[in-house]
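Chain residues, written in single-letter form:
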Amino acid sequence: MTEHPTSHEGRQPLAARPQERARPRQEAAAGLPDVPAQPGGTAVPGTESPAAPGVPAVPLGAGAPGGSGAVAVAVSPQPSGGGGGTSARREGERLRFVGAATRRIARGIDLDEIVLGLCRATVPTFSDEILVYLRDPLPVGDERPVAPFVLRLRRTDRLRLTDPESEELVLVPDPDPTPAAELCEVRSGGALAEVLRGVRPVFGDSAAAREALTELLGTDRPLPGGLRAILAPLRGRRRVIGAAVFLRRSERAGFEPNDLLVAAQLATHTALGIDKAVLYGREAYIADELQRTMLPDSLPQPTGVRLASRYLPAAETARVGGDWYDAIPLPGSRVALVVGDVMGHSMTSAAIMGQLRTTAQTLAGLDLPPQEVLHHLDEQAQRLGENRMATCLYAVYDPVSHRITVANAGHPPPILLHLGGRAEVLRVPPGAPIGVGGVDFEAVELDAPAGATLLLYTDGLVESRLRDVWTGIEQLRERLAATAQLTGPDHSPPLEALCDDVLDMLGPGDRDDDIALLAARFDGIAPSDVAYWFLDPEDAAPGRARRLARRALARWDLEDLTDSVELLISEVVTNAVRYAERPVTLRLLRTDVLRCEVGDDSPQLPRQRRARDTDEGGRGLFLVNRLARRWGATRLSGGKVVWFELATRT
């Protein structure tokens, strides 16, 4: 439960005349009062929230956060005579108040804003205090409410009128509010359940209403007598979702019968607004979850490359889009870097993006060339339906050869930031977007020197209503070069800071589309840390593999791993020789771990199984699984690679 006092920041106190201060508040007419009057007795034009009877004239919405919490106001004298005209005028003021209050409630987007709008519109104009109870949990749409029926106090606003020694009436937040029950379980067949079932607001003077208020607010809370309380059920489109309690204190005239209509209007607009806010919140949650599951939870940590990424939605109200990025480890310590952009930024675009991303991951697992991956993505986009257009850039980095192979499908070209601070836009074939059909894609192979940074991005970063795409690319290149100059010629800028700095280039009018950003720092693997051999598929191959591995480990000062490496290499090479028809490849890589890769031309992947006591084989992968830090097998277009890793003891 939170307290939100009403205040008037910046308003000057109005001194009340002594004869007005002495006049009893009970002499004010009941119901909604006049708007603040000018000296001639005419209403102040444009006033949206007239003051309530017995309460000084306070503008609607006074008390926004940040106010001082107290304001001095004066009580306006009530006009005399003209009963019929006064009644008509009061009804007009009541209608104006309802219009202003409902507009304020309707301005809220989320649940808290709507409830706050109700409280600020009614206190102190309509009531001295309001308590808003909502169902806990709130049902969403057509889902069945959770039993039992529990109401939770969502918000309360209270005001207290004081009469200090000075000639002013000061409106201040109540420093010691009367406690109210925060949770209330609505008993089936009880008085509160009957009032809520009736939907219409009721005065608190009847026996049933008083019993319902006692059940709702608790037995420790004293209730005002007479027509000083209104209990208004909050009914959404399908069911009651809460209740609002309007209270007036003894210093003020009680509610009028027509005030029930006012309470009904406020309750109806509030309940329908809450219903829509809950539905909107559920839709926003679903959209966020959809977008989150479509993008990688975390980036892998492949050997020889460091990665960082960013994703920004097009706007807070449209948090889904068709942009995506991915980093996929490949056999041979390579990594595939992917960034794509499906046309539009809607739920449909996000769904298509998810299908294309899954397809790209599957194709990458087959170790197809980049241009072939784009070709199959193009076919998949056509199968998804007409006008399923997307751009995509697919690159494969090899840390051993320090080369990168890039294929493009209508996507903005990547930018390579060299170690010395020079930034260049890579010249890659533009290609046609995915989904066009009937086009060929080309791939180019480029140098990827150690220390360089490759930046892949979507057009939302470089294109907007204020600039074309090539102007944005040039600005991005200049921004990367300027950032690299700050770290000096011998050091590359930190990846995370580089991504943040790139996004800082976006101006107020540059967010027309969602943005995906993937940065890759090429560390590479030095040739001295790589050992590579070909082995003929013969019985002597496992023994030769053990000898070669022993020499490499001695050269790298890793003799303590010799026994484990020899045992595991012997098992994996033996299995490869059994099925291979062409020479078997053996490669050792020394980085922060020792990685061994054995490749052959057989597409059949090994599977770990439990060997029986009478079996002579079937225990090789069991040993690999027990001794290796990690291991796996990947199918290639021309065979497979089985690899394992061992931790190096430094």
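Structure: above.
What you see is a predicted model; the values in this text were computed from it and never measured.

Asks: Tell me what's going on with the side chain of Ser333, and back it up with residues and numbers.
Replies: With respect to the element layout, Ser333 can be found in the loop between β10 (323-329) and β11 (335-342). At 3.4 Å, the side chain of Ser333 and the side chain of Glu597 are in polar contact. Apart from the residues lying within four places of it in its own chain, the contact partners of Ser333 are Thr303, Pro399, Arg587, Leu589, Arg595 and Glu597.

Asks: With reference to specific residues and values, describe the environment of Leu636.
Replies: Checked against the element boundaries, Leu636 lands in strand β22 (residues 630-636). For Leu636, a relative accessible area of 22% gives the class partly exposed. Residues Leu636 and Gly599, spaced 37 residues apart in sequence, show a C-alpha to C-alpha distance of 9.3 Å.

Asks: Can you lay out the pairing of strand β7 (residues 229-235) for me, pointing to particular residues and giving the numbers?
Replies: Buried residues dominate β7, accounting for 6 of its 7 residues. Taken together, the 2 bridges between strand β6 (residues 202-203) and β7 define a ladder with antiparallel strand orientation. Within β7, the residue paired with Phe203 across the bridge is Ile230. With 7 bridges joining them, β7 and strand β8 (residues 240-247) adopt antiparallel strand pairing. Residue pairing for β8: Arg235 is matched across the bridge by Val240. What sits between the antiparallel neighbours β7 and β8 is a turn of 4 residues.

Asks: Hey, could you go over the packing of aromatic side chains for me, with residue numbers and the actual values?
Replies: Evaluation of the coordinates by the stated rule reveals 5 aromatic pairs. Taken together, a centroid distance of 5.4 Å and an interplanar angle of 85° make the contact between Phe126 and Phe246 edge-to-face. Placement of Phe126 in the loop between α3 (111-122) and β2 (129-135) and of Phe246 in strand β8 is noted, with a sequence separation of 120 residues between them. By the burial criterion, Phe126 is buried, and Phe246 matches it. Every member of this aromatic cluster is reached through a ring pair, and the members are Phe97, Phe126, Phe246 and Phe255. Of note, Arg248 hangs over the ring of Phe126, and the distance from its end group to the ring centre comes to 5.6 Å. In this structure, Arg595 packs its charged tip against the face of Trp643, placed 4.3 Å from the ring centre.

Asks: Which residues make up the sheet that holds strand β20 (residues 584-590), and what values do they have?
Replies: A sheet is described by the order of its strands in space; here 5 strands give the open sequence β19-β20-β21-β23-β22, paired in antiparallel fashion. Of all the strands in the sheet, just β19 (530-535) and β22 have a single pairing partner and so form its edges. Strand-to-strand, the axes of this sheet are offset by a mean angle of 15°, without reference to chain direction.

Criteria and thresholds
All residue numbers refer to positions counted from 1 along the written sequence of the respective chain. Note on the predicted model: pLDDT of at least 70 is required for a residue's local features to be given, and 80 or more for side-chain atom pairs to be given and counted; whole-chain, interface and lining totals, by contrast, use all residues. The basis for every side-chain value is the complete set of heavy atoms in the structure, and neither hydrogens nor water enter the calculation. Only runs of H or I of at least four residues qualify as helices and only runs of E of at least two qualify as strands under DSSP, and these elements are numbered from the N terminus. Polar contact is the term for a pair of N or O atoms within 3.5 Å; when the atoms are in protein, one must be able to donate a hydrogen and the other to accept it, and sequence-neighboring residues count only if both atoms are side-chain atoms. Contact between two residues is taken to exist if any of their heavy atoms lie within 4.5 Å; hydrogens are not considered. Only protein chains enter the area calculation, which uses a 1.4 Å probe; residues under 20% of their type maximum are buried, those over 50% are exposed, and those in between are partly exposed. In this analysis, strands are considered paired if DSSP registers two or more bridges between them. Only the six-membered ring of Trp is used, alongside the rings of Phe and Tyr, when aromatic pairs are assigned; centres must lie within 6.5 Å, and planes under 30 degrees apart are stacked while those over 60 apart are edge-to-face, with the rest tilted. Charge over a ring is defined by NZ of Lys or CZ of Arg lying within 6 Å of the ring centre and within 35 degrees of the ring normal. To obtain each axis, a line is fitted to C-alpha atoms, and for helices this fit is confined to the stretch in contact; angles are then taken between N-to-C directions over 0 to 180 degrees.

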